[in-house]
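Fold and contact review
This is what each chain is made of:
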Amino acid sequence: MILLLFGPPGAGKGTQSAFLIEKRSMAHISTGNLFRANIKNETELGLKAKSFMDAGDLVPDSVTVGMVESELESLKGASVIFDGFPRTVPQAEAFDELLTKMSLKIDHAIFVEVPSEMLVERLSGRRMTADGKHVYHVTFNPPKQEGICDVTGEELIQRKDDSEEVISNRLEAYEKSTAPLKDYYESKGVLKSIDGTGEPEEVFGRIEAILGS
Ligand code: AMP
């Protein structure tokens, strides 16, 4: 199965991906996590992405699509969640071509809807493990012990681009470049919109209802 999770920054894509990985043993491609890992490892790709990410801008499509292509090839045959990719219409078009080439297709493009006034609060209180795999919120979804991951026991971090100045640029980039994907996937007949508000488990129930057993 190929499943896309998309929506504004702070919609809860990472949190819902963690549920899907745990409960459905799906593989996960998060372009944000991949970029951050490349930056940490000081790769050439990381160098290309860093200035865009720090400013809250999108990384150029060519860099992003190339990275996804090699990642997907390494996961041949797996059910995969795409979290935060595609984020522009040209990425979506390139992705369709790539999937066709690999005899794959998108099963569901789930748009996670959250009112814009909630996003800043969600993003500024967000904390996560350095690899982005375990995501918390200081108020809405706190870890059992402040600042420590329940699962791995490591110290939680706040992402640099979760600062208020950068958040507004990320939300602008979303409105301009990513929101048009709703129409794109609607026209392809794979769009499913869900309410992304409420407890993370409730939101996951809405995803489960789409995926079925
Ligand atoms: P995320 O972890 O999904 O919030 O992504 C963090 C940042 O990584 C974004 O603000 C972009 O700078 C970059 N990024 C992640 N995914 C993409 C993508 N599909 N296209 C372009 N830039 C991306």
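The following paragraphs examine the structure supplied in this document. (Residues numbered from 1 in each chain as written. Predicted model: local features only at pLDDT ≥ 70, side-chain atom pairs only at ≥ 80, totals over all residues. Heavy atoms only, no water.)

Some remarks on helix H1 (residues 13-24)
The test is simple: Only DSSP runs of H or I with at least four residues qualify as helices, and only runs of E with at least two residues qualify as strands; both kinds are numbered from the N terminus onward. A helix is expected to reach a length of 1.5 Å times the quantity of its residues less one. Residue exposure (1.4 Å probe, protein chains only): buried if accessible area is under 20% of the type maximum, exposed if over 50%, otherwise partly exposed. Each direction from the helix axis to a C-beta atom contributes to the arc, which is the arc of those directions. Whether two residues are in contact is decided by their heavy atoms, any of which lying within 4.5 Å being enough.
The end-to-end C-alpha distance of H1, which contains twelve residues, comes to 16 Å, matching closely the 16 Å that a straight helix rising 1.5 Å per residue would cover. If you check which residues of H1 are buried, you get Lys13, Gln16, Ser17, Phe19 and Leu20. All buried residues of H1 project into a common sector of 160° when viewed along the axis, lining one side. Buried residues belonging to H1 abut strand E1 (2-6), strand E2 (27-30), strand E3 (80-83) and helix H9 (200-211). Trailing H1 by a residue or two, Ser25 shows a phi angle of about 50°, which is positive.

Remarks on helix H4 (residues 61-74)
With 14 residues, H4 should cover 20 Å at 1.5 Å per step; its first-to-last C-alpha distance of 20 Å lies within 8% of that length. For H4, the full list of buried residues reads Val63, Thr64, Val65, Met67, Val68 and Leu72. Tucked into the core, H4 has its buried residues touching E2, helix H2 (31-40), helix H3 (44-55), E3 and helix H5 (89-101).

Observations concerning the packing of H2 against H4
Worth spelling out the cut-off: Note on geometry: axes are C-alpha line fits, over the in-contact stretch for helices, and angles between N-to-C directions span 0 to 180 degrees. Comment on the angle field: the value is read as roughly parallel under 35 degrees, roughly antiparallel over 145, roughly perpendicular from 65 to 115, and oblique elsewhere. Ten residues, namely Ala, Val, Leu, Ile, Met, Phe, Trp, Tyr, Cys and Pro, are considered nonpolar, four, namely Asp, Glu, Lys and Arg, are considered charged, and the remaining ones, Gly among them, are considered polar.
Contact geometry for H2 and H4: axes closest at 11 Å, N-to-C directions at 95°. It follows that H2 is roughly perpendicular to H4 by the angle criterion. The segment H2 lies against H4, with Thr31, Leu34, Phe35 and Asn38 engaging Val63, Thr64, Met67, Val68 and Glu71. Each residue belonging to the contact of H2 with H4 can be placed in one class, and the counts come to five nonpolar, three polar and one charged.

Description of unusual backbone geometry
As a rule of thumb, non-glycine residues mostly have phi less than zero, and peptide bonds are mostly trans rather than cis. Residue Pro86 follows Phe85 across a cis peptide bond; omega there is -10°. Examined against the element boundaries, Pro86 turns out to sit in the loop between E3 and H5. Of note in the backbone geometry, Ser25 takes a positive phi value of approximately 50° without being a glycine. Tracing the backbone through its elements, the reader meets Ser25 in the loop between H1 and E2. By relative accessible area, which is 63% here, Ser25 ends up exposed.

Description of the site of the ligand
Stated formally: Note on definitions. A residue lies near a molecule or strand when any single heavy atom of the residue is within 4 Å of it. Whenever two N or O atoms come within 3.5 Å, that pair is a polar contact, provided that in protein one can donate a hydrogen and the other can accept it, and provided that, for residues adjacent in sequence, both atoms are side-chain atoms. Only the protein chains shown count as cover for residues, with accessible areas throughout obtained via the Shrake-Rupley method and a probe of 1.4 Å.
Taken together, the neighbourhood of the ligand is formed by 16 residues, with Thr31, Arg36, Asp57, Gly84 and Gln91 sitting nearest. Interatomic distance of 3.0 Å between a backbone N/O atom of Val59 and a nitrogen atom of the ligand. Within the side chain of Gln91, a nitrogen or oxygen atom sits 2.8 Å from a nitrogen atom of the ligand. Calculation on the ligand without its partners gives an accessible area of 480 Å², and the protein chains cover 96% of this total. Of all the elements, H2 adds the most residues to the shell around the ligand, at four residues.

Points about the pattern of salt bridges
The line we're drawing: Salt-bridge detection follows one rule: a side-chain nitrogen of Lys or Arg within 4 Å of a carboxyl oxygen of Asp or Glu.
A complete count under the given rule lists eleven salt bridges for this structure. Between Asp107 and Lys105 there is a salt bridge; the shortest N-O distance is 3.1 Å. Judged by its relative accessible area of 27%, Asp107 falls in the partly exposed class. We classify Lys105 as exposed; its relative accessible area is 54%. The shortest N-O distance in the salt bridge between Asp161 and Arg170 comes to 3.8 Å.

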